[in-house]
Amino acid sequence: NAWSRELGLDGKFCFLYSGSMGLKHNPGLLLSLAEKYRHDTDVKVVVVAEGSGADFLSEKAKDLVLQEALIVLPMQSAERVPEVLATASVLIATLEPVASHICVPSKVLTYLCAKRPLLLSIARENLAAQTVNREGAGFTVEPNNCEEFLAFADDLRQNPERCEGMGSNARRYAEEAFQIEKIVDRFEGFLRRVL
């Protein structure tokens, strides 16, 4: 698409994180991912984010060793989000252990619509992790398990068929679960019961 071509990402295998990124999102995992693939010019770790975690990665991306592998960009306009997500080969979300028990990252719901496999560093009991695991839409690892995170990343890098299958599973789930008519009916039914 136009966005990927503008950034020289067309034809690259892109691990992509999009959305807000604080330190609770463990940017160190993305740094480790970029370090792992720093010698593979066909792989890019793309971070489209704002926040303290994005600032941390932006500083690290200045290192000559990582300049080619780690690309940190500001948030993009709403009109460009479909192109950003379509540029991904794998979509990444991370959440620290404490936050994993109280947050369901909304970016995961958006990711499911993009027909791409997900790689989540998030507690397995988190609703987002349960959904991804149940639907076969990607891999989840416990927060701070960098070794397993990198192993699953490599599995996806080496298996285009698995990526395609998981991406299709993600999109199928989104099409079934996010039907606005059904959601409105349920919401209205709830309101009727409460009132």
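Here, the structure is the one placed above.
The model shown is predicted, which means the values in this text are computed figures rather than measured ones. (Residues numbered from 1 in each chain as written. Predicted model: local features only at pLDDT ≥ 70, side-chain atom pairs only at ≥ 80, totals over all residues. Heavy atoms only, no water.)

Novice: Can you lay out the overall build of the protein chain for me, pointing to particular residues and giving the numbers?
Specialist: Scanning the protein chain for helices and strands turns up 10 helices and 6 strands. In terms of overall size, the protein chain behaves like a compact globule, its C-alpha atoms giving a radius of gyration of 17 Å where 195 residues would be expected to give roughly 16 Å. Counting across all 195 residues of the protein chain, residues that qualify as buried make up 45%. Of the contacts made within the protein chain by residues no fewer than 6 positions apart, 70% connect residues no fewer than 24 positions apart. Put simply, the protein chain shows about 10000 Å² of open surface, and 53% of that area lies on carbon and sulfur atoms. Across the protein chain, the 22 positively charged side chains and the 27 negatively charged ones have centroids separated by 3 Å. (Helix = DSSP H or I, 4+ residues; strand = E, 2+ residues; numbered from the N terminus. Rg over C-alpha atoms; globule rule 2.2 N^0.38 Å. Buried < 20%, exposed > 50% of the residue type's maximum accessible area, 1.4 Å probe, protein only. Contact = heavy atoms within 4.5 Å. Areas by Shrake-Rupley, 256 points an atom, 1.4 Å probe, with all protein chains shown as cover. Lys, Arg positive; Asp, Glu negative; His and termini not counted. Charge placed at Lys NZ, Arg CZ, Asp CG, Glu CD.)

Novice: Go over a nonpolar patch on the surface, please, and point to the residues and values.
Specialist: On the surface, F187, F190, L191, V194 and L195 cluster together into a nonpolar patch covering about 570 Å² of accessible area. For V194, the location among the structural elements is in helix α10 (residues 180-194). (Patch = residues over 30% accessible without salt bridge, like charges linked within 9 Å, V, L, I, M, F, W, Y side chains within 5 Å. Salt bridge = Lys/Arg side-chain N within 4 Å of Asp/Glu carboxyl O.)

Novice: Account for the packing of aromatic side chains, naming residues and giving values.
Specialist: How two aromatic rings sit relative to each other is set out by the distance from centre to centre and by the angle between their planes. With the rule as written, the count across this model stands at 4 aromatic pairs. For the ring pair Y173 and F178, a centre distance of 5.9 Å and an interplane angle of 80 degrees mean the geometry is edge-to-face. The class for Y173 is buried, based on a relative accessible area of 16%. The ring of Y37 carries the charged tip of K36 above its face, separated from the ring centre by 5.6 Å. (Phe/Tyr/Trp six-rings, centres within 6.5 Å; stacked < 30°, edge-to-face > 60°. Lys NZ or Arg CZ within 6 Å of the ring centre and 35° of its normal.)

Novice: Before we move on, could you go through the state of the cysteines and cite the residues and values that matter?
Specialist: Tallied over the entire structure, the rule returns 0 disulfides. Here C163 stays free of any disulfide, with the sulfur of C14 as its closest cysteine sulfur at 12 Å. Owing to a relative accessible area of 9%, C163 belongs among the buried residues under this scheme. (Disulfide = S-S within 2.5 Å.)

Novice: Could you give an account of the layout of surface pockets, naming the residues involved and the relevant values?
Specialist: Taken as a whole, the largest pocket holds about 310 Å³ of empty space. Lining the largest pocket are 19 residues, and of these S18, G19, S20, M75 and K107 lie nearest its centre. Elements that contribute at least two residues to the lining of the largest pocket include exactly β1 (13-20), α4 (81-87) and α6 (106-113). With 4 residues, the top contributor of residues to the lining of the largest pocket is α6. Looking at the lining of the largest pocket residue by residue, the classes come out as 10 nonpolar, 7 polar and 2 charged. Empty space within the second largest pocket amounts to approximately 160 Å³. (1 Å grid on protein atoms, 1.4 Å probe; cavity = no way out; pocket = protein on both sides within 12 Å on 5 of 7 lines; lining within 4 Å. Points joined across faces, edges and corners; volume = space filled by probe spheres on them. Nonpolar A, V, L, I, M, F, W, Y, C, P; charged D, E, K, R; others polar.)

Novice: Residues and numbers for the pairing of β1, please.
Specialist: Taking burial as the measure, the 8 residues of β1 include 7 buried ones, the bulk of the element. Where β1 meets strand β2 (residues 43-50), 8 bridges bridge the pair, whose relative direction is parallel. The residue of β2 that forms the bridge with L16 is V46. The parallel pair β1 and β2 is bridged by helix α2 (residues 27-36), and the resulting crossover is right-handed. Sheet analysis places β1 next to strand β4 (residues 90-94), joined by 2 bridges and oriented parallel. The residue of β4 that forms the bridge with F15 is V90. (Pairing = 2+ DSSP bridges. Right-handed = clockwise from strand over helix to strand, strands pointing away.)

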